[in-house]
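Spelled out, the chains give:
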Amino acid sequence: MTGFLSETLFMQLEIVVSGAAAAGFEPVVDAFRDNFSRGEELGARFSAFVGGEEVVDIWAGWSDRDKSAPWTDNTLACVYSAGKAAMAFLIARFVSEGKLDYERPVADYWPEFGASGKDRVTVGMAMSHQAGLCGFPDEMPPEDWLNWDLICARLAAMAPLWPPGSAFGYHPQTVGYIVGELIRRIERRKIGDILREDYFKALGLDLHCGLRETEIARAAYMPKPPKAPTHRKASRFTEIAFLKPWSAAGGVSREKWMAGEIPASNMHGTARALAEITHPFANNGHDLAGKQVIDAETVKAALRPRISGDDLVLPFRLTWTAGLTANSDGYFGPSETAFGHAGFGGAAVVVDPARRVSASYVMNKMSPALLGDPRAIRLMTALDGCL
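Residues numbered from 1 in each chain as written. Predicted model: local features only at pLDDT ≥ 70, side-chain atom pairs only at ≥ 80, totals over all residues. Heavy atoms only, no water.

Q: I tried to follow the state of the cysteines on my own but got confused; where do I start?
A: As used here, a disulfide is simply a covalent bond connecting the sulfur atoms of two cysteines. One pass over the full model with this rule turns up zero disulfides. Looking at Cys-78, it has no disulfide partner, and the nearest cysteine sulfur is the one in Cys-209, 9.6 Å off. The class of Cys-209 is buried, set by a relative accessible area of 4%. (Disulfide = S-S within 2.5 Å. Buried < 20%, exposed > 50% of the residue type's maximum accessible area, 1.4 Å probe, protein only.)

Q: Whenever I open this one, helix α2 (residues 84-96) confuses me. Can you help?
A: An α-helical turn contains 3.6 residues, so any two residues separated by three or four positions project in the same direction. Taking 1.5 Å per residue as the helical rise, α2 with its 13 residues ought to reach 18 Å, and the 18 Å between its terminal C-alpha atoms agrees with that figure. Burial in α2 covers these residues: Lys-84, Ala-85, Ala-86, Met-87, Ala-88, Phe-89, Leu-90, Ile-91, Ala-92, Arg-93, Phe-94 and Val-95. Once α2 finishes, Gly-98 follows within two positions and takes phi at roughly 80°, a positive value. (Helix = DSSP H or I, 4+ residues; strand = E, 2+ residues; numbered from the N terminus. Expected span 1.5 Å × (residues − 1).)

Q: Would you mind showing me how to read the sheet that holds strand β7 (residues 268-269) here?
A: Where strands meet in a sheet, backbone hydrogen bonds hold them as pairs that are either parallel or antiparallel. Strand order in the open sheet formed by three strands is β5-β7-β6, and the pairing between neighbours is antiparallel. The open sheet has two edge strands, β5 (77-78) and β6 (207-208), and neither has a second partner. Bridge analysis of β5 against β7 gives two bridges, and the strand direction is antiparallel. From the neighbouring strand, Ala-77 faces β7, where its bridge partner is Gly-269. (Pairing = 2+ DSSP bridges.)

Laid out in structure tokens, this is it:
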């Protein structure tokens, strides 16, 4: 990549931007620096690829609360739900390999899941949040989320909260167990093992689900948002999914939570890793090495709109594909051909097959935005203008 940025080339109000940007992509660096100038960042990174080539990979700021540890190339951020984009890629990979089929029932691979009226829930329906399992209505210890077999058994036995396929409602935690158990049934490995063995060790792709001690030491401090997100009002499904004391993991230390495997909400990685692992969605199935890792038909199937309308859980009108949302209302920048996934606090992943672009933004100063964080939109808008 041309146009290398030294660590001291861009400095304004003590903002040092490190990394690299190709010639012609300087406006992205300006937008990134502007987010810091506005006082909206502590530490952050933005990475983008076009047609298999890296065009931007920049970072700045601090990884700790005391501003004593600079954000570096090795800093990991919790990406929360932006990790669901990586899950969507893994499912597409196994569909392309003939191990899964979007149109077959989940119960074909995980027989127990077919109980209580879920026998017709297909893989594609589960990936597009139509299964009616947005959370657990009955009280449970929040630390149960760290018990994989227990959560999967509860999901398998559970009756749907609405008729599957009739509507959709975001599954903030449970979709990770549905996807993860599907993968475990066909691969005999969990998502964390696959990311570590097939991507981190083999390719150096720094994305993890379940951190080891050395990785916990690289993880950024994540200050919580100054206020709670704006949720859908008077929705039983929103309460179950987000607002019950047991709606997410709790009652354990930060280190134990980071070491656990909760694929839908506690993946940790770099922006570069997220943009890289999802790049085949944007590049006709090809990875950065030019290898076709997903066939073209599977890319089309993965990105085909499956259901649209008002989400029963989120306060948005959305169009879901098999794991990503279409770029309605400019939540992922100006391109109408883009798809993406946001993470709690502001992280975002975007793929645009029409422009062969994948990009990702991660940070540690969390905002209340559930979708369409202004910092990410500025970066995606600047990137779009450079293409």
